[in-house]
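Descriptive analysis of the structure
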Amino acid sequence: MSFRTGFVRDLSAPNGYSALVLNADYRPLSYYPLSLWSWQDAIKAAYLNRVDVVYEYDRLIRSPSISIRAPSVVALRTYVRPVDLAAFTRFNLFLRDEFTCQYCGGRGELTFDHVVPRARGGKTEWSNVVAACATCNLRKGAKTLEEAEMSLGRMPRQPTSEELRNAGRRFPPNYLHETWLDFLYWDVELES
Ligand SMILES: [Zn+2]
């Protein structure tokens, strides 16, 4: 159960004319994965009056029959209540732990550690799994915290989707179109 954290940077490779999708309150529908639609879906939704087009790409998309500007940011007209509980996935667990070993605070290649070892009845759930570097994971092995004489920076628990959204803001995907930035960050640097 280990995988590289480097893939964060590949999460949203430049994807021709994707539209950032905002909720009706102009906050992104989701950060992880970042809510993006294909330009075809965005145009269809705009045509059906389900979204307002907030920004468009400068370049035209041309085909033999049409020539259009793809939306770069769209906002839903009807507010969608975000799901309150974050899904228990490997990615979300790393996100909760901010891609940091919960024992030593190290980064780099991370694994998962069962705080109460599985052999001792520890379950694979939010409250018992933490991100751990390979060194700490090896050191802890199948021992309890006391036996391993190790401690956690904070006790693991189920995050709310709001907490994950906030954590996601600190780990943005690599590719962000300029018109998305206003909606993703409060403190984005403004180009002069
Ligand atoms: Zn560690």
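Here we summarise the structure given alongside this text. What you see is a predicted model; the values in this text were computed from it and never measured.

Moving on to the overall build of the protein. Along the protein, the regular secondary structure elements total six helices and seven strands. Starting at the N terminus, the α and β elements of the protein follow one another as β-β-β-α-β-β-α-β-β-α-α-α-α. Counting the 192 residues in the protein, one finds 23% classified as buried. Long-range pairs, those at least 24 residues apart, make up 63% of the contacts in the protein with a sequence separation of at least 6.

This part covers the nonpolar core. Grouped together as the largest cluster of nonpolar side chains are 16 residues, with contacts concentrated most on Ala19, Leu20, Val21, Ala42, Val73 and Val74. If you tally residues by element for this core, the top one is strand E2 (residues 19-22), at four residues. Every residue in contact with Leu20, bar those within four places of it in the chain, is listed here: Pro28, Ser35, Leu36, Ser72, Val73, Trp180 and Phe183. Membership of the second largest hydrophobic core comes to 14 residues, among which are Ala86, Leu110, Val130 and Leu164.

Take unusual backbone geometry next. With the exception of glycine, most residues fall at negative phi, and the peptide bonds are largely trans. Phi angles above zero are rare outside glycine, and Tyr26 is one such case at about 65 degrees. With respect to the helices, strands and loops of the structure, Tyr26 is situated in the loop between E2 and strand E3 (36-37). Assessed through the 13 C-beta atoms surrounding it within 10 Å, Tyr26 is described here as partly exposed.

A few words on helix H1 (residues 39-47). Where H1 is concerned, the buried positions are Ala42, Ile43 and Ala45. What you see down the axis of H1 is that its buried residues fit within an arc of 160 degrees, all on one side. Within H1, the exposed residues directed more than 90 degrees away from the buried face are Gln40 and Tyr47. Along its buried surface, H1 packs onto E2, E3, strand E4 (51-62) and strand E5 (67-76). In the stretch just after H1, Asn49 is the one whose phi turns positive, near 60 degrees.

An α-helical turn contains 3.6 residues, so a residue and the one three or four places further along point in the same direction. Residues of helix H5 (residues 161-169) that are buried: Leu164, Ala167 and Gly168. When H5 is viewed along its axis, its buried side chains cluster within an angular range of 100 degrees and face the same direction. Buried-residue contacts for H5 involve helix H2 (90-96).

Attention now goes to the environment of Ala131. Within the secondary structure, Ala131 is located in strand E7 (residues 129-133). Residues Ala131 and Tyr103, 28 residues apart in the sequence, show an inter-C-alpha distance of 8.5 Å. Excluding residues within four positions of it along the chain, Ala131 makes contact with Leu93, Phe94, Asp97, Phe99, Thr100, Cys101, Gln102, Leu110 and Phe112.

It is worth spelling out the environment of Leu22 at this point. Examined against the element boundaries, Leu22 turns out to sit in strand E2. Distance in space between the C-alpha atoms of Leu22 and Leu36 is 9.1 Å, their sequence separation being 14 residues. In contact with Leu22, other than residues within four places in its own chain, are Arg27, Pro28, Leu29, Val54, Val73, Val74, Ala75, Leu76 and Phe183.

Bringing the sheet that holds E5 into the picture now. Ordered by their spatial adjacency, four strands build an open sheet running E3-E2-E5-E4, and the pairing between neighbours is mixed. The sheet is open, and its two edges are formed by E3 and E4, each paired on a single side. Alignment of E2 against E5, held across three bridges, turns out to be parallel. Paired with Leu20 across the bridge in E5 is Val73.

Judged by how many residues are buried, E7 sits mostly within the fold: five of five residues are covered. Going residue by residue along E7, you find Val129, Ala131 and Cys133 tucked away on one face and Val130 and Ala132 tucked away on the opposite face as well. One ladder, built from five bridges, connects strand E6 (residues 110-114) with E7; its direction is antiparallel. The residue bridging Thr111 from the neighbouring strand is Ala132, located in E7.

Rules used throughout
- Residues numbered from 1 in each chain as written.
- Predicted model: local features only at pLDDT ≥ 70, side-chain atom pairs only at ≥ 80, totals over all residues.
- Helix = DSSP H or I, 4+ residues; strand = E, 2+ residues; numbered from the N terminus.
- Buried ≥ 20, exposed ≤ 12 C-beta atoms within 10 Å, placed from the backbone.
- Contact = placed C-beta atoms within 7 Å.
- Core = buried A, V, L, I, M, F, W, Y, C linked by C-beta atoms within 7 Å.
- Arc of directions from axis to C-beta.
- Pairing = 2+ DSSP bridges.

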